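Read off the chains here:
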Amino acid sequence: MNRKPFFRFCKSIAKIFKRKPKVINFNQALDDCAIYLSNHSGASGPFTHELYFPKDFRAWGTHEMCGTFKERWTYFSKIYLHQKKHINLFLARIIATIVTPILHLFYKGMHIIPTYTDSRLRSSLAESFTELQKGNSILIFPENSSDGYHKELKEYFAGFVLLCRQYYKKFGVNLKIYNMYYCKKKNLVIIDKAVEYLEIADKNEKVVANEFKDRVNQLYHEYCEKK
């Protein structure tokens, strides 16, 4: 989707310092109005996809980073920097004070769809439905990063399966799901062959999420660990 002019200008500046990633794509083409999954690789995954991903999309992001300055500062310092990146809490607070205003502009510029772990997830689904109806795609980072970011992913949350299921029930549309892995060291994006929702519709959501996690780890071992 089109970003606002100032944000597009900021992205053009960022591209000077961030090279376009190499891409291994197992598909002849990438669909619009689809679900794209990716690992975080810290902040590198979201940043790289925002700069270079070839499809219009809205990304899911934790609601704390879409809230007030205090909520963003608390999440970025205590959860992201201290808990996930294992930075000393005192230093994390200093970094957060400097960086949080910039992150606010980045999240606002990306038009992040806030996600929740309670009943408010319905609003995330509804907003996602609206974007899909416009022909935009949804980019989701489903890995469980509560104890940090890992090259080999430990768990995928199943929100993307729920999104596909509810969208099919409401609109009868068989969404495609593209599983991706971003390798920061090689600046490489691997895009697995798309899976249609109806191929996995009869399976338990957690089982599906685990299968996608195992497959993306396989891609990591095959393409990112090679010399």
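Quick word on the packing of helix α5 (residues 121-133) against helix α6 (residues 159-171)
Viewed as axis vectors pointing N to C, α5 and α6 meet at an angle of 60°, and their least axial separation amounts to 10 Å. Crossing geometry of α5 relative to α6 is assigned as right-handed. Between α5 and α6, the residues in contact are Leu121, Leu125, Ser128, Phe129, Leu132 and Gln133 and Leu162, Leu163, Gln166, Tyr167, Lys170 and Phe171, respectively. Class assignment of the residues belonging to the contact of α5 with α6 gives a composition of eight nonpolar, three polar and one charged.

Re the environment of Phe160
Looking at the element boundaries, Phe160 is found in helix α6. Overall, the relative accessible area of 1% leaves Phe160 in the buried class. Phe160 has contacts with Ile35, Leu37, Ile140, Pro142, Ile177, Val208, Ala209 and Phe212, leaving out every residue within four places of it along the chain.

Observations concerning the nonpolar core
In globular proteins that are soluble, nonpolar side chains generally tend to be buried together. Ranked by internal contacts, the top residues of the largest apolar core, which has 34 residues, are Ile35, Leu37, Ile138, Ile140, Tyr156, Phe160 and Leu163. Listed by contribution, the elements that provide at least two residues to this core are β2 (35-37), α5, β5 (137-140), α6, β6 (176-183), β7 (188-191), α7 (197-200) and α8 (205-224). Top contributing element to this core by residue count: α8, with seven residues. Counting 18 residues, the second largest nonpolar core, distinct from the first, contains Leu30, Tyr36, Ala59 and Ile191.

Topic: the side chain of Asn39
By secondary structure assignment, the location of Asn39 is in the loop between β2 and α2 (44-52). Since its relative accessible area comes to 2%, Asn39 is described here as buried. Beyond its immediate sequence surroundings of up to four residues, Asn39 is in contact with Gly45, Phe141, Glu143, Leu153, Tyr156, Met180, Tyr181 and Tyr182.

Considerations on the packing of aromatic side chains
Geometrically, a pair of aromatic rings is defined through the distance of the ring centres and the angle of the planes. All told, the structure shown has 13 aromatic pairs when counted by the stated rule. Relative to Tyr197, the ring of Tyr168 lies with its centre 5.7 Å away and its plane at 45°, an arrangement referred to as tilted. Highlighted residues: Tyr168 in helix α6 and Tyr197 in helix α7, separated in sequence by 29 residues. With 5.3 Å between their ring centres and 35° between their planes, Tyr181 and Tyr220 make a pair best called tilted. One end of the pair, Tyr181, is in strand β6; the other, Tyr220, is in helix α8, with 39 residues separating them in the sequence. Both residues of the pair, Tyr181 and Tyr220, count as buried.

So, the packing of helix α3 (residues 69-84) against helix α4 (residues 89-110)
For the pair α3 and α4, the least separation of the axes is 8 Å and the interaxial angle reads 130°. Viewed along their axes, α3 and α4 adopt a mutual orientation that is oblique. Of the two possible hands of crossing, α3 and α4 adopt the one that is right-handed. Of α4, the residues touching α3 (which contributes Phe69, Arg72, Trp73, Phe76, Ser77, Lys78, Leu81 and His82) are Leu89, Ala92, Arg93, Ile95, Ala96, Thr97, Val99, Thr100, Pro101, Leu103 and His104. Of the residues contributing to the contact of α3 with α4, the split by class is 11 nonpolar, five polar and three charged.

Side note on the pairing of strand β3 (residues 57-62)
Judged by how many residues are buried, β3 sits mostly within the fold: five of six residues are covered. Strand direction decides the pairing type here: β3 and β5, joined by three bridges, are parallel. Each bridged residue has a counterpart across the sheet, and for Ala59 the counterpart in β5 is Leu139.

Re the pattern of salt bridges
Using the criterion set out here, one finds 12 salt bridges in the structure. Arg120 is paired through a salt bridge with Asp118; the nearest N and O atoms lie 2.9 Å apart. You can call Arg120 partly exposed: its relative accessible area is 42%. For Asp147, the salt bridge goes to Lys154, with nearest N and O atoms at 3.1 Å. Given a relative accessible area of 35%, Asp147 falls into the partly exposed group. Note on Lys154: relative accessible area 51%, which makes it exposed. Ionic contacts of the salt-bridge type, sharing partners, join the residues Arg58, Glu127, Glu131 and Lys134 into one network.

Definitions and limits used
Residues numbered from 1 in each chain as written. Predicted model: local features only at pLDDT ≥ 70, side-chain atom pairs only at ≥ 80, totals over all residues. Heavy atoms only, no water. Axes fitted to C-alpha atoms, helices over the stretch in contact; angles between N-to-C directions. Helix = DSSP H or I, 4+ residues; strand = E, 2+ residues; numbered from the N terminus. Left-handed = near helix turned anticlockwise from the far one by under 90°. Contact = heavy atoms within 4.5 Å. Nonpolar A, V, L, I, M, F, W, Y, C, P; charged D, E, K, R; others polar. Buried < 20%, exposed > 50% of the residue type's maximum accessible area, 1.4 Å probe, protein only. Core = buried A, V, L, I, M, F, W, Y, C linked by side-chain atoms within 4.5 Å. Phe/Tyr/Trp six-rings, centres within 6.5 Å; stacked < 30°, edge-to-face > 60°. Parallel < 35°, antiparallel > 145°, perpendicular 65-115°, else oblique. Pairing = 2+ DSSP bridges. Salt bridge = Lys/Arg side-chain N within 4 Å of Asp/Glu carboxyl O.

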